[in-house]
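Structure at a glance
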Amino acid sequence: MSLRVLGFVVATMVATPVLAQADAYARHWPVQVDAPGVYAIELSPALYLQVQRADLGDLAAFNGTGEALAFGPLAPAPPRAEPQWRDASWFVLPTPAAGAGDDLNLQVLRAADGAIRLRADLHADESAPATGDVLIDTGIDPEERLRLQALLLDFAANAADFSAQLQVDASDDLSDWRLSVAHASVLRVRQGGQTLQRRRVDLPGTVARYLRLRGFEPGALPLTGVQVATLTQDMPDPRPDHALAAEWVGRDGDAWLYRLPARIPATQANLRLAQDNAVVRAELSSRENARERWQPRGGLIAFRLRAAGVTLDSEPLALNANRDREWRLTTDVALETPPALEFAYQPERWLLLTQGAAPYVIAAGSSRARRDTLPLSALLAPLRSKYGDDWQPPLAALGAPVLAAGTAALAPSTRERWSERALWLLLIGAALAIGWMVVRLLRERLPSE
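Residues numbered from 1 in each chain as written. Predicted model: local features only at pLDDT ≥ 70, side-chain atom pairs only at ≥ 80, totals over all residues. Heavy atoms only, no water.

This brings us to the pairing of strand E3 (residues 59–62). Covered by surrounding structure in E3 are Leu-59 and Ala-61 together with Ala-60 and Phe-62, the residues of both alternating faces. Relative to strand E27 (residues 361–364), E3 is paired through four bridges, and the arrangement is antiparallel. Pairing of Ala-61 across the sheet is with Ile-362, part of E27. (Buried < 20%, exposed > 50% of the residue type's maximum accessible area, 1.4 Å probe, protein only. Helix = DSSP H or I, 4+ residues; strand = E, 2+ residues; numbered from the N terminus. Pairing = 2+ DSSP bridges.)

For the structure on display, the rule yields 17 salt bridges. In this structure, Arg-199 engages Asp-154 in a salt bridge whose closest nitrogen and oxygen atoms are separated by 2.7 Å. Placement of Arg-199 in the loop between strand E12 (194–198) and strand E13 (200–206) and of Asp-154 in strand E9 (residues 146–155) is noted, with a sequence separation of 45 residues between them. Linked through salt bridges whose partners overlap, the residues forming this network are Asp-133, Asp-169, Arg-212 and Arg-214. (Salt bridge = Lys/Arg side-chain N within 4 Å of Asp/Glu carboxyl O.)

The geometry of an aromatic ring pair is captured by two quantities: the separation of the ring centres and the angle between the planes. If you walk through the whole model with that rule in mind, you get five aromatic pairs. With 5.5 Å between their ring centres and 80° between their planes, Tyr-48 and Tyr-345 make a pair best called edge-to-face. Here Tyr-48 is found in helix H2 (residues 45–50), whereas its partner Tyr-345 is found in strand E25 (residues 340–345), with 297 residues between them in sequence. With 4.6 Å between their ring centres and 45° between their planes, Trp-327 and Phe-343 make a pair best called tilted. On the criterion of sequence distance, the pair formed by Trp-327 in strand E24 (residues 326–331) and Phe-343 in strand E25 is long-range, its members being 16 residues apart. Across this residue pair, the class does not change: Trp-327 and Phe-343 are buried. In this structure, Arg-251 is placed above the aromatic ring of Trp-256, and the distance from its NZ or CZ to the ring centre is 3.8 Å. (Phe/Tyr/Trp six-rings, centres within 6.5 Å; stacked < 30°, edge-to-face > 60°. Lys NZ or Arg CZ within 6 Å of the ring centre and 35° of its normal.)

This next bit is on helix H3 (residues 377–387). Every α-helix carries 3.6 residues per turn, so stepping three or four residues along brings you back to the same face. Three or more residues of H3 are buried, namely Leu-379, Leu-380, Pro-382, Leu-383 and Arg-384. With its phi angle positive at about 115°, Gly-388 sits one or two positions after the end of H3.

Dropping the structure here:
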């Protein structure tokens, strides 16, 4: 099916009068495209800040003559394969003998079962203490075309608490080494029945057979195992998350209250304590507005450690694409200063079919106008059947925002205000009528004197 046919189908669907006109929105963003067609629009932070409705209903698209365009959430492509975890071989490297330099000797050994194992040394004698450096053989063959995403370190359960900041080097031949990760913190601390630990080290896009962990004191890392996560080299890296800080607005008893300034689909909540070397157990809840009840969203152990050259903050709380504006934080320990609450989100991509006269604009922010809902999945089906299930429309850029109706688009209409007043009058009248009936019934049942 050609784009011309698709355009005709959508034009037929939107031929009915639209509820929202372009001039009913607060701001416009020009769409930068060379020709009509099917495009993807990534919602920018400014768009999220302007949208008023929780369902993003006041986000629409128009052409140069003011006609509404087909515009709505883009159904994601089928999910790609997740990173695969595999066990890796690891070796604690000994201290090099005097004058031996930093040359690493490697012996390849074949076990009885045919498995290949490595033996590494730095010209050391048997009595030499360990350096603390760890050599990791990922076991990845170059023909597999895999790249590393992360390390997961397993620690002995009965080992003493520890913390360390390490460096990760990568190599393909154990001779030439390159820096992969400059700083990564690992830690395990147990106190009061709680355990804080970080044992994952991210390796963004690293391609290597061998890794070397540096920065440990001898014997400081109680390793019992190492796993590596891999992806194929032709698989794109995930898009980076965006972050938005919530505004602290006050207290509710012992709880801290926050407000999100935008309609982002929050997928993670990051809690940053104001005090160093503090640990609290926190619970987070949210709601759309004050008329609704608080809904629990999860709990986490929040910490902020700054000691001995180690900087470590707690990991975020996972959320299910939440757009609530009001958030409530409770902690088991009284805090003097409100923690910083920051939300991570992945900007959504919407499908846009441009047709008719240019320029095309994205309009956002209205208390009255609403976008028409169209079956956009019907547009993608024939395109993906032709180009593949993972096909995505090209990404179109947005220009600088232009003021349209401004704050006037955000104010409730006169009809809405009168409707609200009439509803209140009706409710008050009903309450008075019920009260009068109750008083009358009571008088009829009271015994006469």
